[in-house]
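Observations on the model geometry
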Amino acid sequence: MLYLVATPIGNLEDISLRAIRILGEADIVACEDTRHARILFERHGVKPKRLVSYHSMNERSRAAELAEDLQRGASVALVTDAGTPGISDPAWAIVKEAIQLGIEVVPIPGACAAIAALTGSGMDTTRFAFEGFLPLKKGRKKRIANVAAEDRTVVIYESPHRIKRLLNELTEACGPTRRVALARELTKHFEEFLRGTIAEVSAKLAEHFPGDVKGECVVVLEAASERGDTNQE
Ligand code: SAM
């Protein structure tokens, strides 16, 4: 079996009892960052039987090796850097491989930054689109235009040093009065939500961080249909 084990996105208490048990029982625990995982394991008294690395640099070769282990009957628990494996991280390669080989894939649910940000945003949660990371260059403009026209709430991951740029791009594409929520450092000591129009949130952010923004960020954008005010005519 391949277990996809969700781990905390900051607060080490955000992990299920089932996740802790599976991490101790699995024959192999594959981690995106073994040092990071060890901190979590120590906190919860998890003693993995065998720990291996699985990250974007070795995902192809390691996915093939893990597939062999799975075929031999070994159980593998996969944990990524933080949150739910498969959401904007390298888990997909091994999941595809396992399904092709007829191996059972078992998600162990838990923390996910997108869902935490969405639920705390105050935006309509009945229908939403998960955009993940936008492309850095090629295709970015088009994706921003699509996001601006989206008739569901949109959840976007962005690195802190590009967040101001993203808000500027969204202002251009959606107009300054569309509402947005910026969730920063979720579940951590300095967790904060900035909510308001894009113009208001940009101003608050510039006030808090005259230079580079610090901390991990999720942007939740109000649906175009809520206001009918995209600039995308
Ligand atoms: N698999 C993860 C999940 O389930 O959320 C996401 C991994 S992705 C590589 C990392 C991105 O998730 C960050 O750039 C940020 O956008 C978001 N993120 C992760 N932890 C966060 C946190 N504590 N607060 C805000 N955003 C976070």
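Scroll up for the structure.
In short, a report on the structure. Note that the structure is a prediction, hence the values are computed from the model and not measured. (Residues numbered from 1 in each chain as written. Predicted model: local features only at pLDDT ≥ 70, side-chain atom pairs only at ≥ 80, totals over all residues. Heavy atoms only, no water.)

So, on to the sheet that holds strand β5 (residues 105–108). Strands sit in the order β3-β2-β4-β1-β5 across an open sheet of five strands; the sheet is parallel. Looking at the sheet topology across the chains shown, the edges are occupied by β3 (51–53) and β5. Strand-to-strand twist in this sheet, taken as the mean axis angle between neighbours without regard to direction, amounts to 25 degrees. Relative to strand β4 (residues 76–79), strand β2 (residues 28–31) runs parallel, the two being bridged by four bridges. Bridge pairing in β4 links Val29 to Ala77. (Pairing = 2+ DSSP bridges. Helix = DSSP H or I, 4+ residues; strand = E, 2+ residues; numbered from the N terminus. Axes fitted to C-alpha atoms, helices over the stretch in contact; angles between N-to-C directions.)

On to unusual backbone geometry, then. Its identity is not glycine, yet Ser88 carries a phi of approximately 55 degrees, on the positive side. For Ser88, the location among the structural elements is in the loop between β4 and α4 (91–100). Residue Thr187 is not a glycine yet carries a positive backbone phi of 70 degrees. One can find Thr187 in the loop between β8 (179–184) and β9 (192–197). The exposure class of Thr187 is partly exposed, given its relative accessible area of 23%. (Buried < 20%, exposed > 50% of the residue type's maximum accessible area, 1.4 Å probe, protein only.)

The next point concerns a nonpolar patch on the surface. Where nonpolar side chains cluster on the molecular surface, the patch consists of Ile87, Ile115, Phe128 and Phe130 and spans about 310 Å² of accessible area. Ile115 gets classed as partly exposed once you look at its relative accessible area, which sits at 40%. (Patch = residues over 30% accessible without salt bridge, like charges linked within 9 Å, V, L, I, M, F, W, Y side chains within 5 Å. Areas by Shrake-Rupley, 256 points an atom, 1.4 Å probe, with all protein chains shown as cover. Salt bridge = Lys/Arg side-chain N within 4 Å of Asp/Glu carboxyl O.)

For the rest of this paragraph, the subject is the packing of aromatic side chains. Summed over all chains, the structure comprises two aromatic pairs. Relative to Tyr157, the ring of Phe130 has its centre 5.1 Å away and its plane inclined at 75 degrees; by these criteria the two rings are edge-to-face. Of this pair, Phe130 sits in strand β6 (residues 128–133) while Tyr157 sits in strand β7 (residues 153–158), placing them 27 residues apart in sequence. What makes Phe130 partly exposed here is its relative accessible area of 35%. Classification of Tyr157 as buried rests on a relative accessible area of 10%. (Phe/Tyr/Trp six-rings, centres within 6.5 Å; stacked < 30°, edge-to-face > 60°.)

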